[in-house]
Amino acid sequence: MNTWLKRGLLVVGVLVGVLVLAVGAAVAYGQLTYRRTIERDLYPIEADTSPEGIARGKYLVEHVIACSGCHSEHDGGVLSGTFENVSLGPIRGTISFSNLTPDVETGLGAWSDAEIARAIREGIGRDGRELYIMPSQKFHKMSDADVAAIVGYLRSLEPVRNELPEMSGNIFGKTALALHLLTPGAVGDPITAPRVAPDPGTLAYGEYLVTIGLCRDCHGESLRGGKSPAADALPAPNLTSSGHLGAWTEAQFIDTLRFGTTPEGRLLDPEQMHWPLYGQMTDEDLSTIFQYLRSLPAD
Ligand code: HEC
Ligand code: HEC
């Protein structure tokens, strides 16, 4: 064989070998760290079950955050959980979106208030295991009062018995979860000091609502457009002034979220952009979100 050809084959062989080793190492590391346990004290949170607390929790869960987009069979539905079989290239898996109702065996009935709050804000399950896909990193800055209100609201729900399959996957599925290849890692730094939300109506409060409201999960970290990791997701437009919003008035923004039609006359798909849920935020909160989006640098 010609020496150049030999050398060429050798180089290709080495490259393929390195690639196989790298994938093998990633898969092995993924299997080892899958559902790792995190030792951490619970930050004390007590559910706010006052009528105001439950109302605040319901407002956040249903209209600001749309937890039902994941934890229910359908948007705005009962939070008794659901599951989805995923198939993406070699990745196969079952994602279980936990039952959040107070059923003792299949829901959160046996969890303490602080354990539920830690799962929401720190991404750690009751048994200390790392949670996957749950967007806790966006809830990490949630105030103590708001998380206590959410726990109070979850406690007020009717218990629904709904046994779900365990989250599982083939080796590629587990690797993708363990290495956070498809969604950001859920686990955040330990919360050790009280958290307070910015004052309502301020730009900082607009940012707070946009962050816990998960707008960035689809519209991108910089809000300049993006896409949710869901398989059938539509692109989510740029929400800064360099997008359509640059030409909208505040009233037009509020109407878009209330009625699902943009000033340009486009209908927003309610399965992708949960406007029927967000559209029931108060005028003040929608206005604050608009002011915050307006304050972002346009490119
Ligand atoms: C993007 C989808 C998504 C959204 C939105 C979401 N969750 Fe989750 N959540 C999950 C998934 C998936 C799990 C299961 C994680 C696991 O088992 O590793 C989970 C787990 C949890 C758990 C731990 C339950 C258990 O049995 O381990 C709690 C509590 C929880 N979510 C509360 C909420 C609340 C409250 C909201 C809204 C404020 C919310 N989640 C929004 C996907 C989501
Ligand atoms: C699950 C993904 C997802 C989340 C979360 C989400 N959006 Fe959207 N959004 C979309 C998609 C997709 C579209 C485009 C829908 C269409 O064209 O039918 C859209 C469209 C919009 C539009 C119309 C923009 C334009 O240029 O026409 C606005 C405004 C908007 N979203 C604001 C928000 C705000 C504010 C939040 C947070 C409270 C949010 N979205 C959360 C996916 C999402």
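Rules used throughout
- Residues numbered from 1 in each chain as written.
- Chains lettered and ligands numbered in written order.
- Predicted model: local features only at pLDDT ≥ 70, side-chain atom pairs only at ≥ 80, totals over all residues.
- Heavy atoms only, no water.
- Donors = N, O, S within 2.8 Å, 3.2 Å for Na, K, Ca; no water.
- Tetrahedral: all angles 85-135°; square planar, octahedral: opposite > 155°, others 65-115°.
- Helix = DSSP H or I, 4+ residues; strand = E, 2+ residues; numbered from the N terminus.
- Expected span 1.5 Å × (residues − 1).
- Buried < 20%, exposed > 50% of the residue type's maximum accessible area, 1.4 Å probe, protein only.
- Contact = heavy atoms within 4.5 Å.
- Core = buried A, V, L, I, M, F, W, Y, C linked by side-chain atoms within 4.5 Å.
- Domains from an automatic or database assignment.
- Buried area = accessible area lost by both parts, 1.4 Å probe.

Below, the discussion takes up the coordination of the iron atom of ligand 2. With distances of 2.1 to 2.2 Å, the protein atoms coordinating the iron atom of ligand 2 are His219 (NE2) and Met273 (SD). Classification of the site at the iron atom of ligand 2 as octahedral follows from its six donor atoms and the range of 88 to 179 degrees in their angles at the metal. Of this pair, histidine 219 sits in helix H9 (residues 215–219) while methionine 273 is found in the loop between helix H10 (250–259) and helix H11 (275–278), placing the two residues 54 residues apart along the sequence.

Attention shifts here to helix H12 (residues 283–295). The end-to-end C-alpha separation of H12 is 18 Å, in line with the 18 Å expected for 13 residues at 1.5 Å each. Within H12, the full set of buried residues consists of Asp285, Leu286, Ser287, Thr288, Ile289, Phe290, Tyr292 and Leu293. The secondary structure elements touched by the buried residues of H12 are helix H2 (51–64), helix H8 (203–212), H9, H10 and H11.

With that settled, the discussion passes to the nonpolar core. In terms of nonpolar packing, the biggest core is built from 51 residues, with Ile65, Met142, Phe253 and Leu293 touching the most fellow members. Among the elements that make up this core, the one with the highest residue count is helix H6 (residues 144–156) (six residues). Listed in part, the seven residues of the second largest apolar core include Ile95, Phe97, Met167 and Ala178.

Further remarks concern the domain arrangement of the protein chain. Examined at the domain level, the protein chain breaks down into domain 1 (51–178) and domain 2 (203–295). Computed from C-alpha atoms alone, the centre-to-centre distance between domain 1 and domain 2 is 23 Å. Facing the 18 residues of domain 1 at the interface are 19 residues of domain 2. Contact between domain 1 and domain 2 buries roughly 1,600 Å² in total, counting both sides, with carbon and sulfur atoms accounting for 60%.

Tetrahedral metal sites with four donors have an ideal angle of 109.5 degrees; octahedral sites with six donors have ideal angles of 90 or 180 degrees. For the iron atom of ligand 1, every protein donor is listed as His71 (NE2) and Met134 (SD), and the spread of their distances is 2.0 to 2.2 Å. Taken together, the six donor atoms coordinating the iron atom of ligand 1 span angles of 84 to 179 degrees at the metal, a pattern that classifies the geometry as octahedral. Note that histidine 71 is positioned in helix H3 (residues 68–71) and methionine 134 in the loop between helix H4 (113–122) and helix H5 (136–139), a separation of 63 residues in sequence.

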